[in-house]
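What follows is the residue order along each chain.
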Amino acid sequence: MRLDPLSQKLFAAGAGFYLAVILLCLNVPFFWDTILTSSVAQWFYDNGIQNAIAPLKWDAGHPTLFQIYLMFCWKIFGKTLAVSHIAMLPFLWLMVFAFVYICQKITTFSIARIVGLLFLLLHPYILTQSTMMSYDIIQIAFFLTAIIGIIEKRNFWLLMGIWGLSACSIRGQMIGIVCLGSYLITDFRNWRNNIILLTAACIPLLLWHFYHYDQTGWMISTPSDSWKTHRDVASIQQLLSNVIGITRGFVDYGLLPLSILFLCAVTTIRAKPLSGNIRKILFTTTLIFIVLNTSMLLFSNPIGHRYFMIIHVGMIFLIISQWKQIAFSKFWVAITLAAFISGHFWLYPIQLSNGWDVTLQYLSYEKSRKDFFRYISEYDIPPGEIASAFPLFCSQQQTDLTSGERLKDISEFSIRDYSYIAYSPVCNDMRDYPVENQPVIKIFGKRKTKIVLYKNQVLTVFPGTE
């Protein structure tokens with residue numbers, strides 16, 4: 001596999017971009033769902049790999065290879081945020097390499113390939129996730145690896161992609177199975193090779209689930225109270241909420257122009273028939289869209305914006321392949337890139353949930369959080385006397401890899417069991433919590449990424465009271 005001269009330049013630009021992102025984010029803590037990654041990796045770090053399964057309170061049935069990978073990086077180079085971020089670089093670079101190579105295989109139009117890379121680098125969901133220790137970035141990298149295997153009929157690349165997707169999460173396993181199914185459908189005549197491929201792809205996945213069942217007594221449907229409600233069958237109200245959640249994944253935070261541009265590209269297919277490579281990519285992306293959305297619609301698990309990033313990447317490929325046929329393409333590119341940048345300034349009213357892990361606004365919250373923990377340490381306020389919600393109730397050990405006690409989960413205790421309340425609009429579960437009449441002790445930050453420390457019910461004289 002060789003990159004042509006333009007692809008070499010694009011890869012160098014993309015690799016340099018992500019190197020700069022990592023260097024700028026070396027001290028950014030774990031945030032949102034990556035806090036679970038940190039917690040599990042630290043448990044392995046402290047207790048050894050043992051049976052390679054997370055403790056029940058953190059176990060949702062997902063494979064733990066990413067957490068074990070982080071643990072080994074910490075053992076070798078030190079357990080720090082900087083090491084954690086640098087550990088993501090190989091996957092970011094693999095993502096760029098595979099992306100520019102696929103662009104090279106589906107179009108010779110230079111401007112389209114440059115635009116495609118800009119879309120990848122500035123996509124608000126992907127850019128935000130690249131500042132975190134996110135296995136969703138790993139899944140994009142291995143999805144693109146699998147796509148190379150599909151379009152070039154290379155079993156090694158396809159298997160590497162499927163195994164990489166399957167190593168991180170159950171959602172990744174679903175996407176890996178879809179990639180395998182897409183390949184088997186488009187290359188159905190080569191049945192002897194496909195039987196070997198099917199066996200090699202599925203055995204590791206099946207072995208994980210049977211091993212997990214042998215060790216825990218359950219598979220997929222967890223008995224843990226922390227996760228059980230996420231695996232329930234959706235009610236009618238939840239189905240409607242899921243439809244809204246899926247729709248938001250394609251229009252929120254500057255994604256609407258990309259979706260429109262994709263639909264414009266679809267309308268040009270009659271004017272310019274698709275090449276074999278882009279047909280395979282579009283077919284695979286469509287299958288992923290159907291399978292993922294069907295599975296998400298039927299269950300109560302909250303739908304995250306980041307779940308759709310792989311589909312967005314597939315959409316970008318169709319756009320650049322049909323570039324010359326799209327009317328006013330330069331106008332739409334300008335609008336899309338401007339919308340991507342604007343996505344980092346979108347915030348919904350407090351009454352509505354925000355996708356905090358797909359906008360760089362979360363960095364402002366992290367500054368407020370550090371100030372908050374510094375304050376309660378300075379004035380000797382025990383974290384165990386403060387109630388809050390996710391992600392603020394997580395300890396600095398979970399987020400910063402340092403040390404510290406976590407706050408109380410406000411949903412699990414009586415209002416009489418804590419002395420203080422830490423409120424932030426970033427805590428989506430606290431949107432309706434009545435704090436208006438509580439006396440304010442200190443405010444950290446501004447607007448919708450602020451943190452407010454309240455005295456619970458009784459106002460007392462306290463240093464720094466506002």
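See the structure shown above.
Below: a short report on this structure. Position numbers for residues count from 1 along each chain, tracking the sequence in the order it is written. The predicted origin of the model limits local features to residues at a pLDDT of at least 70 and limits the giving and counting of side-chain atom pairs to 80 or more, whereas totals for whole chains, interfaces and linings rest on all residues. In computing side-chain properties, one takes all heavy atoms of the structure into account and sets aside hydrogens as well as water.

1. A few points about the packing of aromatic side chains
Under the convention used in this document: Any two of the Phe, Tyr and Trp rings considered here, Trp counted by its six-membered ring, make a pair once their centres fall within 6.5 Å; the pair's planes then place it as stacked at under 30 degrees, edge-to-face at over 60, or tilted in between. Summary of the burial criterion: residues with accessible area below 20% of their type's maximum are buried, those above 50% are exposed, and those between are partly exposed, where the area comes from a 1.4 Å probe applied to protein chains only. Secondary structure elements follow DSSP: runs of H or I of four or more residues count as helices, runs of E of two or more count as strands, with numbering from the N terminus.
Evaluation of the coordinates by the stated rule reveals 26 aromatic pairs. On the numbers, 5.1 Å between centres and 75° between planes, the contact of F372 with F373 is edge-to-face. In this pair, the class of F372 matches that of F373, namely buried. With centroids separated by 5.4 Å and ring planes inclined at 65°, the aromatic side chains of Y375 and F444 adopt a geometry described as edge-to-face. Highlighted residues: Y375 in helix α18 (residues 362–378) and F444 in strand β4 (residues 440–444), separated in sequence by 69 residues. Residue classification places F444 among the buried positions, given a relative accessible area of 5%. Taken together, the ring pairs connect F31, W32, Y362, Y365, F390 and F393 into an aromatic cluster.

2. Things to note about the sheet that holds β4
Hydrogen bonds between backbone groups are what pair the strands of a sheet, and the pairing can be parallel or antiparallel. So the rule is basically this: At least two bridges found by DSSP between two strands is the condition for calling them paired. Any two residues having at least one pair of non-hydrogen atoms within 4.5 Å are treated as being in contact. Simply put, an axis is a line fit to the C-alpha atoms, just over the touching stretch for a helix, and the angle between two N-to-C directions goes from 0 to 180 degrees.
Taken together, five strands build an open sheet; the order of strands is β2-β1-β3-β5-β4 and the sheet is mixed. On the outer flanks of this sheet lie β2 (408–409) and β4, each paired with one strand and no other. In this structure, β4 lies alongside strand β5 (residues 451–455), joined through four bridges in antiparallel fashion. Of the residues in β5, the one forming a bridge with I443 is V452. In this fold α18 packs onto β1 (386–388), β3 (420–423), β4 and β5, with an angle of close to 35° to the strand it touches most, β5.

3. Looking at the pattern of salt bridges
As a reminder, the rule being used: Salt bridge, as used here: a side-chain nitrogen of Lys or Arg that lies within 4 Å of a carboxyl oxygen of Asp or Glu.
What the rule picks out here adds up to 12 salt bridges. Here R171 and D136 are joined by a salt bridge, their closest N and O atoms 2.9 Å apart. A residue pair is termed long-range when its members are at least 10 positions apart, and R171 in helix α10 (residues 170–186) and D136 in helix α8 (residues 135–152) qualify at 35 residues. Judged by its relative accessible area of 12%, R171 is buried.

4. Section: the side chain of T37
Structurally, T37 can be placed in helix α2 (residues 34–47). Excluding residues within four positions of it along the chain, T37 makes contact with F66, Q67, L70 and Y135.

5. Points about the layout of surface pockets
If a probe the size of a water molecule is rolled over the atoms, the empty space left behind becomes visible. Rules: Any residue with an atom within 4 Å of a point lines the site, the site being either a cavity, points on a 1 Å grid over the protein atoms alone where a 1.4 Å probe fits but cannot get out, or a pocket, an open set with protein on both sides within 12 Å along at least 5 of 7 lines. Grid points are joined across faces, edges and corners, and a volume is the space filled by probe spheres set on the points. Polar here means any residue outside two lists: the nonpolar Ala, Val, Leu, Ile, Met, Phe, Trp, Tyr, Cys and Pro, and the charged Asp, Glu, Lys and Arg; Gly therefore counts as polar.
Here the second largest pocket is characterised by a volume of approximately 240 Å³. Residue lining of the second largest pocket: I246, T247, F250, S259, F262, L263, L282, T285, T286, F289, I311 and M315, and that is the complete set. Every element with two or more residues in the lining of the second largest pocket is listed here: α13 (236–248), α14 (256–267), α15 (276–297) and α16 (309–321). Per-element accounting of the lining of the second largest pocket gives the leading share, four residues, to α15. Residue composition of the lining of the second largest pocket, by class: eight nonpolar, four polar and no charged.

6. Notes on a nonpolar patch on the surface
Inclusion rule: Here a patch means residues that are over 30% exposed by relative accessible area and free of salt bridges, tied together within 9 Å if like-charged and within 5 Å if nonpolar (Val, Leu, Ile, Met, Phe, Trp, Tyr). Residue burial considers only the protein chains on display, and all accessible areas are found by Shrake-Rupley using a 1.4 Å probe.
On the surface, L206, F210, Y213, M219 and I220 cluster together into a nonpolar patch covering about 480 Å² of accessible area. You can call M219 partly exposed: its relative accessible area is 33%.

7. Describing the nonpolar core
Note the following rule: Residues enter a nonpolar core if they are buried and are Ala, Val, Leu, Ile, Met, Phe, Trp, Tyr or Cys, with the set joined through side-chain atoms within 4.5 Å.
Residues F99, F119, L144, F317, F372 and L453 are the most contacted members of the largest nonpolar core, which totals 138 residues. Looking at which element gives the most residues to this core, the answer is helix α5 (residues 89–106), with 14 residues. When residues no more than four places from it in sequence are discounted, the contact partners of F119 are L258, L261, I316, I319, V333, T336, L337 and F340. Within the second largest apolar cluster, six residues are counted, among which are F44, A52, A54 and M71.

8. Focus: empty space enclosed by the protein
Tallying each qualifying case throughout the model produces four cavities of 30 Å³ or more. What the largest cavity holds in volume is close to 80 Å³. For the largest cavity, the lining is made up of 13 residues, of which D33, T34, S134, D136 and R306 are closest to its centre. Within the residue set of the lining of the largest cavity, elements represented by two or more residues are α2 and α8. Considering the residues around the second largest cavity, the lining is formed by Y348, P349, I350, L352, N354, W356, P425, N428, R431 and K448.

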